[in-house]
Amino acid sequence: MFALMQSTRLESLHLSVDPVSGLKAVIAIHNSRLGPALGGCRYLAYPDDESAVEDAIRLAKGMSYKAALAGLAQGGGVAVIVRPVHVENRGALFEAFGRCIDQLDGRYITAIDSGTSVADMDCIAQQTQYVTSTTSAGDPAPHAAMGVFTGIRATAMARLGSDNLEGLRVAIQGLGNVGYALAEQLHAAGAELLVSDIDHGKVQLAMEQLNAHPIANDALLSTPCDILAPCGLGGVLNSHTVAQLRCSAVAGSANNQLSHLDVADQLERRGILYAPDYVINAGGLIYVSLKHRGEELPTITAHLSKISSRLTEVFAHAQAEKRSPARVADELAEKVLYR
């Protein structure tokens, strides 16, 4: 565990249990140089405790890099709650987690993430002020989607020579809150949508509302398209799946899309432009950070628009240096975090 913390430059790791509610939680704080750590709270089943810890550490690092390149006065952190097989009182579990956060006295601020909801954040808020994405703060998903949408336009301009998305074939993997909101924005812009999700109901809804074409989950990555948008869980891009891709660019909302940084080099060799995930998907973090600080929506929207210019900057450096945008983005973020 200490070796993993050192290799990722993690500041601290907090493990909490509450036998009454069944809570088993991990809070990873990666870097607080720019401000208090802010990041989502995941509520997922894990094969073992080590996997939960590794997921928290990996995600926390990504949040640090995301905040740094988004120009936010926030550090990076993430919470992972191991979902038990049976939960008698979900509200009590999240209230217990709220007490854990409060003990950190503001060093970590939590938010909605995979497996959690606004209602869960409301339960946490009964025990601590260090939470956002509550009913009063609002769901960050539409704003996360807005940021990815602007990032896809920047990616299309860099790879295809135009940011006009009309007629562009975009394959969306995962129709969760962000994925579906992104699909709606792409449909409004005239893009042709190819979609997959383990929830057939969401696919059916996209077919009916957005004229989307359903693709089997195991076939989406090898389906010809202009842009692939991974919007589910991470790790979708590895040496095996990248060899199957038939797209010009990858630009989506999922965190930790690359199983390893070397995969970015493989994408580069194949001529597939990669929009670094923590750059393009920063919209949710931007929203929850600025909302928590009391900023109004016009200010937040203006900050979201900067995602496009940051991506364009990363792409320009990558092209000039003949390197992967992922490696360029890492270096730019590390200059901010460790200078």
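On a predicted model such as this, the values are computed, not experimentally measured, just so you know. (Residues numbered from 1 in each chain as written. Predicted model: local features only at pLDDT ≥ 70, side-chain atom pairs only at ≥ 80, totals over all residues. Heavy atoms only, no water.)

Engineer: Mind showing me how you'd approach the environment of Asp 122 here?
Structural biologist: In this structure, Asp 122 sits in helix H4 (residues 118-125). Since its relative accessible area comes to 27%, Asp 122 is described here as partly exposed. Each C-alpha atom of the pair Asp 122 and Pro 142 lies 19 Å from the other, and the pair is 20 residues apart in sequence. Not counting residues within four places of it along the chain, the set of residues in contact with Asp 122 comprises Thr 134 and Thr 135. (Helix = DSSP H or I, 4+ residues; strand = E, 2+ residues; numbered from the N terminus. Buried < 20%, exposed > 50% of the residue type's maximum accessible area, 1.4 Å probe, protein only. Contact = heavy atoms within 4.5 Å.)

Engineer: Would you mind showing me how to read empty space enclosed by the protein here?
Structural biologist: Remark: the empty space left among the atoms is shown by a probe the size of a water molecule rolled over them. Tallying each qualifying case throughout the model produces 1 cavity of 30 Å³ or more. Taken as a whole, the largest cavity encloses approximately 60 Å³ of empty space. Lining the largest cavity, in full, are Leu 59, Gly 62, Met 63, Lys 66, Asn 255, Asn 256, Asp 277 and Tyr 278. Those elements that provide at least two residues to the lining of the largest cavity are helix H2 (49-70) and helix H10 (277-280). Tallied by class, residues from the lining of the largest cavity come to 3 nonpolar, 3 polar and 2 charged. (1 Å grid on protein atoms, 1.4 Å probe; cavity = no way out; pocket = protein on both sides within 12 Å on 5 of 7 lines; lining within 4 Å. Points joined across faces, edges and corners; volume = space filled by probe spheres on them. Nonpolar A, V, L, I, M, F, W, Y, C, P; charged D, E, K, R; others polar.)

Engineer: Help me understand helix H14 (residues 325-338), please; the structure alone is not making it clear to me.
Structural biologist: Residue pairs three or four apart in sequence face the same way in an α-helix, which turns once every 3.6 residues. For H14, with 14 residues, the first-to-last C-alpha span of 20 Å sits near the 20 Å given by 1.5 Å per residue. Every buried residue belonging to H14 is among Pro 325, Ala 326, Val 328, Ala 329, Asp 330, Leu 332, Ala 333, Val 336 and Leu 337, and all of these are buried. Buried residues in H14 make contact with strand S2 (23-31), H2, helix H9 (262-269), strand S11 (273-274), H10 and helix H13 (306-321). (Expected span 1.5 Å × (residues − 1).)

Engineer: Could you clarify how one ought to interpret the sheet that holds strand S8 (residues 213-214) in this entry?
Structural biologist: The strands making up a sheet associate through hydrogen bonds between their backbones, and the pairing can be parallel or antiparallel. Judged by pairing direction, the sheet is parallel, and its 6 strands sit side by side in the order S8-S7-S6-S9-S10-S11 without closing on themselves. Each edge of the open sheet carries a strand with a single partner, namely S8 and S11. As defined by bridge partners, strand S7 (residues 192-196) adjoins S8 across 2 bridges and the pair is classed as parallel. Opposite Val 195, over in S8, you have Pro 214 as the bridge partner. (Pairing = 2+ DSSP bridges.)

Engineer: Looking at this structure, how should I read the nonpolar core?
Structural biologist: One recurring pattern in soluble globular proteins is that nonpolar side chains are buried together. In this structure, Ile 81 and Phe 97 are the most contacted members of the largest nonpolar core, which totals 55 residues. Looking at which element gives the most residues to this core, the answer is H2, with 9 residues. The residues touching Ile 81, leaving out its near neighbours within four places in the chain, are Leu 23, Lys 24, Ala 25, Cys 41, Arg 42, Tyr 43, Leu 44, Leu 93, Phe 94 and Phe 97. Ranked by size, the runner-up nonpolar core spans 46 residues in total, among them Leu 69, Ile 172, Leu 175 and Leu 186. (Core = buried A, V, L, I, M, F, W, Y, C linked by side-chain atoms within 4.5 Å.)

Nothing here speaks to function; it is geometry throughout.
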